[in-house]
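Fold and contact review
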Amino acid sequence: MSIGVRMSVKVVCPYCGFGCNLLVDTITKKVRPYRGEPNRGKLCPKGLFALEHVYSKDRLRYPLKREGSDFKRISWERAISEIAEKIREIIENYGPSSIAFIASSKITNEENYLLQKIARLLGTNNIDNCARLCHESSVHALKLTLGAGIQTNPYSDLEKFKALMIWGYNPAETHPVVMQYIMNAKKNGAKIIVVDVRETTTMKFGDYKVIIRPGTDITLANAIMNVIIENRWYNKDFIEKRTVGFSEIRMGVKKYTPEYAEKITGVPARLIKEIAEAFAKAGSGAILWGMGVTQQIAGVENVLALINIALLLGYFGEKGGLYPMRGQNNVQGAAYMGTLSEFLPGYVPLSDSEFRKKVAKLWGVEDLPTERGLYLTEYWDAILNGDLKVLYIVGENPAISDANVLKVRKALTKLELLVVQDIFLTRTARYAHYVLPAAAFCEKEGSYMNSERRIQWSHKACEPLGESKPDWEILTMLANALGLRGFNYKRVEEITEEYFKLFPELENRSVEELKNSEGIVIPSPRLYTDRFLTPGGRARFISVEQIMPWEEPNGEYPLILTTVRLITHYNTGEMTMRSPSLTKMIGEPFVLISREDAQEYGIKEGDYVVVETRRGNLTLKAKISNIQRGVIAIPFHFEANVLTNDALNKAGTPELKFSAARIRKVS
Ligand SMILES: Nc1nc2c(c(=O)[nH]1)N[C@H]1C(S)=C(S)[C@@H](COP(=O)(O)OP(=O)(O)OC[C@H]3O[C@@H](n4cnc5c(=O)[nH]c(N)nc54)[C@H](O)[C@@H]3O)O[C@H]1N2
Ligand SMILES: Nc1nc2c(c(=O)[nH]1)N[C@H]1C(S)=C(S)[C@@H](COP(=O)(O)OP(=O)(O)OC[C@H]3O[C@@H](n4cnc5c(=O)[nH]c(N)nc54)[C@H](O)[C@@H]3O)O[C@H]1N2
Ligand code: SF4
Ligand SMILES: [Mo]
């Protein structure tokens, strides 16, 4: 397509997993909202200013190679051939499990597909993406109970349900455009229940405002179920016909009376009874949750507890849904394409030999590696103890985004080869041996998948800057230099057609159809209308007990530190902090502190304070806010991971929402 002519091109937003479409003017580079699904004419500030970072002076324009403490420009040919040679040498000497990849939830389906194809053809499942730090707890819990680790219903269903429970999730800042669906639900009479550790922007719209002590979510969920069961408000018919394990739940929640739960959670027993009644009697309802639920040591169990509530009430199909609202614009697609170390494409387990052989055959080999790869949160120890020697990172910034980053940064210095493929010289890229410049989202084409599993085509609106190239082109060059077969792609559509072959729902669809539509939803927009995806078709209740946070506060570290997000900054800030319009809305890094704690520590609004944990310390400005006493919160964009705990839960996610901390005023 020629983009020299003035046109309005439809491009998927490079930020959050809600998946808005931007209309980009190819000449002025101004952005307007798309009027169709899913954003219906709305955009948040990040979408509106999404092209500002693309034209930042910091954009990488040429491949770079480390020379001492500096980088020097080299050619693409040399960069790719030197990287390939080193990878081959390390595999020869130490075997394929000595190399690892981090895929990106920012790149297209096609690009993620290629990256896992390269990793697996080289003989390793050490390929992972940021879902590990995000919703992997949800994936594990949903797969165990319902059979698939995905959001159950489309966004549009939200408007029909009569109650919405928004739990550990602050969409007014993190998925602002979903708020129009939530507000429509409210207009249609839905009751909005918001559960958080502080009064969030979202909570302002709540009919019930539930402030919970950090890390006590299971107790609250079990108490809600206790009330529902005691009052027989549960859906007996649904439970009998479509679930297993109810008797275990009935016993499991018996001791979680509202009065007991009040002592643990701080939520008044009266309020627990009210929200249980409001949610149960609504007749239909959805639970939406976010990082407040998953980034805990009990992440998987927290999600199981929320699923149990929905199962008790039969809130599935037309009657309700579960919405683990996905974070990054293509985190859902990255998972579907197989960039998780325990799954093949489509979340198929590595042990499924029939599917594994089907993929192998498509790639022209006998079989693929079957041993689970390392989780990306396990990479750092593996590097430090010498097991991992090569790390190839595409569009991920673990030197800021993973827990306990001082340890991550130390590990990054120990590698024999670190390659970072990004659009900027990120905090992580500064440790690299080679830095490869990728074209930005609007400079390439391809497909993305949003939280409601809608695959959307993103069109090209601008030319790549300098010598930067689309990630799929870089990965194709790399695969060929590594001597891998089956990477003769000339157009990105050839990769789309290849991944379509792995999904029964896509086998008979065409790329043209995808390009000219509002997307294709797989497996289907609304799941579980008559059966679940478990082997027997029934959902499974799994009873869970309260699990306390890993690092409880004590005399030395008396406060609880949690980490949160702000509307105009995004994750590690590499993109938004290079967007002048967004940066000027936020200003200096800060920590949120309650009025009571501020008084106790003699801290005034705007004072500089040192926040300290067992891992490190940060100096920030104090911002007095309506957070509960004993809890402080730092927006994670501001290097909060110097402080956080890297204890992992069952899904490999660190406890990013809970660290024991102390604070003092800078004298
Ligand atoms: N503007 C903006 N939007 C984003 C992002 C961004 O960085 N900036 N990132 C994207 C990504 S990757 C993701 S995953 C999503 C995340 O979206 P959210 O899940 O909404 O993000 P957070 O603000 O990290 O966490 C949500 C809430 O959890 C609460 N919380 C903390 N501890 C607890 C607890 O123990 N229990 C409960 N119940 N709540 C707790 C916090 O106070 C916070 O309000 O946002 C996406 N959208
Ligand atoms: N304390 C704390 N830590 C957290 C969280 C928290 O709530 N609290 N949240 C966690 C969560 S939910 C997540 S998802 C992670 C996110 O962690 P990351 O994924 O590391 O964060 P991002 O800043 O989104 O990094 C994306 C990178 O992709 C690059 N990029 C953008 N577009 C392209 C492209 O087209 N090609 C290439 N090659 N690169 C591109 C960007 O420049 C950026 O460097 O952070 C986690 N860390
Ligand atoms: S809500 Fe998400 S997808 Fe929509 S414009 Fe904002 S960041 Fe982009
Ligand atoms: Mo995320």
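Each value, and the rule that gives it
Residues numbered from 1 in each chain as written. Chains lettered and ligands numbered in written order. Predicted model: local features only at pLDDT ≥ 70, side-chain atom pairs only at ≥ 80, totals over all residues. Heavy atoms only, no water. Core = buried A, V, L, I, M, F, W, Y, C linked by side-chain atoms within 4.5 Å. Buried < 20%, exposed > 50% of the residue type's maximum accessible area, 1.4 Å probe, protein only. Helix = DSSP H or I, 4+ residues; strand = E, 2+ residues; numbered from the N terminus. Contact = heavy atoms within 4.5 Å. Axes fitted to C-alpha atoms, helices over the stretch in contact; angles between N-to-C directions. Parallel < 35°, antiparallel > 145°, perpendicular 65-115°, else oblique. Left-handed = near helix turned anticlockwise from the far one by under 90°. Nonpolar A, V, L, I, M, F, W, Y, C, P; charged D, E, K, R; others polar. 1 Å grid on protein atoms, 1.4 Å probe; cavity = no way out; pocket = protein on both sides within 12 Å on 5 of 7 lines; lining within 4 Å. Points joined across faces, edges and corners; volume = space filled by probe spheres on them. Domains from an automatic or database assignment. Buried area = accessible area lost by both parts, 1.4 Å probe. Salt bridge = Lys/Arg side-chain N within 4 Å of Asp/Glu carboxyl O. Polar contact = N/O pair within 3.5 Å; in protein donor to acceptor, adjacent residues only side chain to side chain. Pairing = 2+ DSSP bridges. Near = heavy atom within 4 Å. Areas by Shrake-Rupley, 256 points an atom, 1.4 Å probe, with all protein chains shown as cover.

**What to know about the nonpolar core**
The biggest cluster of nonpolar side chains holds 180 residues, and the ones touching the most others in it are W167 and I309. For this core, the element with the most residues is helix α13 (residues 299–313), which contributes eleven residues. Residue contacts for I309: discarding those within four places in its chain leaves M165, W167, A221, I224, M225, F279 and I287. Ranked by size, the runner-up nonpolar core spans 24 residues in total, among them L388, L391, V420 and Y431.

**Thoughts on the packing of helix α7 (residues 217–230) against helix α11 (residues 269–281)**
Close contact between α7 and α11 brings their axes to 9 Å; oriented N to C, the two are set at 65 degrees. Relative to α11, the element α7 lies roughly perpendicular. Helix-helix and strand crossings are classified by hand; for α7 and α11 the assignment is right-handed. Contacts between α7 and α11 involve L220, A223, I224, V227 and I228 from the former and I272, K273, I275, A276 and A280 from the latter. A class-by-class count of the residues in the contact of α7 with α11 yields nine nonpolar, no polar and one charged.

**Some thoughts on the layout of surface pockets**
Quantified by volume, the largest pocket comes out at close to 440 Å³. As for the largest pocket, its lining consists of 20 residues, of which K143, Y336, G346, Y347 and V348 are closest to the centre. Secondary structure elements with two or more residues in the lining of the largest pocket: β15 (348–349) and α15 (353–362). Residue composition of the lining of the largest pocket, grouped by class: 13 nonpolar, three polar and four charged. Of the pockets and cavities examined, the second largest pocket occupies roughly 290 Å³. Surrounding the second largest pocket, 17 residues form its lining, E173, R198, T201, L592 and S625 being those nearest its centre. Those elements that provide at least two residues to the lining of the second largest pocket are β24 (590–594) and β26 (617–625). Its residues assigned to classes, the lining of the second largest pocket comprises six nonpolar, five polar and six charged. For the lining of the second largest pocket, the domains that each give at least three residues are domain 3 (136–325) and domain 4 (559–665).

**Observations regarding the domain arrangement of the protein chain**
Taken domain by domain, the protein chain consists of domain 1 (8–55), domain 2 (64–129 + 330–521), domain 3 (136–325) and domain 4 (559–665). Its C-alpha centre places domain 1 at a distance of 32 Å from the equivalent point of domain 3. Around 890 Å² of area is buried between domain 1 and domain 3 when both sides are counted, 59% of it from carbon and sulfur atoms. Counting every contact that joins domain 1 to domain 3 gives one salt bridge. R40 is paired through a salt bridge with E159; the nearest N and O atoms lie 2.8 Å apart. Linking domain 1 to domain 3 there are seven residue pairs in polar contact (both at pLDDT 80 or more). Tallied by class, residues from the side of domain 1 that touches domain 3 come to six nonpolar, two polar and four charged.

**Thoughts on the sheet that holds strand β13 (residues 320–324)**
Pairing is parallel across the open sheet formed by five strands, whose spatial order is β10-β9-β8-β12-β13. Looking at the sheet topology across the chains shown, the edges are occupied by β10 (208–211) and β13. Ignoring strand direction, the axes of neighbouring strands in this sheet form an average angle of 10 degrees. In terms of strand pairing, strand β12 (residues 285–289) meets β13 through five bridges, oriented parallel.

**So, the site of ligand 1**
Looking at ligand 1, there are 34 residues lining it, with T174, D196, D217, R565 and H569 nearest. At 2.9 Å from an oxygen atom of ligand 1 is found a side-chain nitrogen or oxygen belonging to K657. Burial of ligand 1 by the protein amounts to 99% of the accessible area it has alone, namely 910 Å². Looking at the shell around ligand 1, the elements that each hand over two or more residues are α5 (171–174), β9 (191–196), α12 (291–294) and β23 (559–564). Residues belonging to the shell around ligand 1 are distributed by class as follows: 13 nonpolar, 14 polar and seven charged. Viewed by domain, the shell around ligand 1 spans two of them, domain 3 (136–325) and domain 4 (559–665), each represented by three or more residues.

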